[in-house]
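Summary of structural features
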Amino acid sequence: EPTAGGPDPHGHAGSMQVPTNRHAASDERFKSLSLQAERWLPLEEVSRADLGDYLRARRTGGWTVVAVEQARGSVPLHEFDFTRRGEGMPIVLLLGAEKEGVPATLLSLVDACVEIPQAGLLRSLNVHVSCSLALWEITRQRLLHEQRHP
């Protein structure tokens, strides 16, 4: 399932949308892996059918929707400026399902597409790894921005 989520305007983990099953957070296996993040990270369920409308509404509300996907026109993750509208730029990260990636119908709704540079023949990462790397890059850029513009 495609997953959308992202940091709040201050770079902290904001909300993570779980498209079809919000109840996964109550599963004991999830809890053991999340280290109780479900207690402080609000979950918002968005069905797969409503994800397009959700992304359009966020864009209308001033959010920047960024897909993490190897696609035509994508730029390397570290080259995208996650602070271009200031450190408070709200972002929705759109991550695709394992193996299939972000559906083309959703790629048409994003403001930008970034990819994680990789070496070798296998050019695929698990979605949780891609999410972690993208969130780290956003945080890294925002920390540097804060240091340069106190």
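**A look at the overall build of the protein**
Helices and strands together make up the secondary structure of the protein, namely 4 helices and 7 strands. Ordered by position from N to C terminus, the α and β elements of the protein give β-β-α-β-α-β-β-β-α-β-α. Burial analysis of the protein (150 residues in total) assigns 39% to the buried set. Across the protein, contacts joining residues at least 24 apart in sequence account for 77% of those joining residues at least 6 apart. With an accessible surface of roughly 8,900 Å², the protein has 55% of that area assigned to carbon and sulfur atoms.

**Section: the packing of aromatic side chains**
Evaluated as defined, the whole model comprises 1 aromatic pair. Judged by centre distance (4.7 Å) and plane angle (65 degrees), the ring pair of Phe80 and Phe82 falls under edge-to-face. Each member of the pair, Phe80 as well as Phe82, is classed as buried. The positively charged end of Arg58 is found above the aromatic ring belonging to Trp63, 5.4 Å away from the centroid.

**Some words on the pairing of strand β4 (residues 64-68)**
Counted residue by residue, β4 has 5 buried out of 5 residues, so it is predominantly covered. Side chains of β4 alternate between two faces, with Thr64, Val66 and Val68 and Val65 and Ala67 buried alike. Sheet topology places β4 next to strand β6 (residues 91-95); 5 bridges connect them, and they run parallel. For Thr64, the partnering residue across the bridge sits in β6 and is Ile91. Alignment of β4 against strand β7 (residues 112-115), held across 3 bridges, turns out to be parallel. Considered in β7, the bridge of Val68 is made with Val114.

**What to know about helix α4 (residues 127-148)**
Since the α-helix packs 3.6 residues into each turn, any two residues three or four apart lie on the same face. Counted at 1.5 Å a residue, the expected span for α4 with its 22 residues is 32 Å, and the 32 Å between its end C-alpha atoms agrees. Looking at α4, one finds that the buried residues are Ser130, Cys131, Ala134, Glu137, Ile138, Gln141, Arg142 and His145. The buried residues of α4 all sit within an arc of 130 degrees when viewed along its axis, so they share a single face. In α4, the exposed positions angled more than 90 degrees off the buried face are occupied by His128 and Gln147.

What counts and how
Residues numbered from 1 in each chain as written. Predicted model: local features only at pLDDT ≥ 70, side-chain atom pairs only at ≥ 80, totals over all residues. Heavy atoms only, no water. Helix = DSSP H or I, 4+ residues; strand = E, 2+ residues; numbered from the N terminus. Buried < 20%, exposed > 50% of the residue type's maximum accessible area, 1.4 Å probe, protein only. Contact = heavy atoms within 4.5 Å. Areas by Shrake-Rupley, 256 points an atom, 1.4 Å probe, with all protein chains shown as cover. Phe/Tyr/Trp six-rings, centres within 6.5 Å; stacked < 30°, edge-to-face > 60°. Lys NZ or Arg CZ within 6 Å of the ring centre and 35° of its normal. Pairing = 2+ DSSP bridges. Expected span 1.5 Å × (residues − 1). Arc of directions from axis to C-beta.

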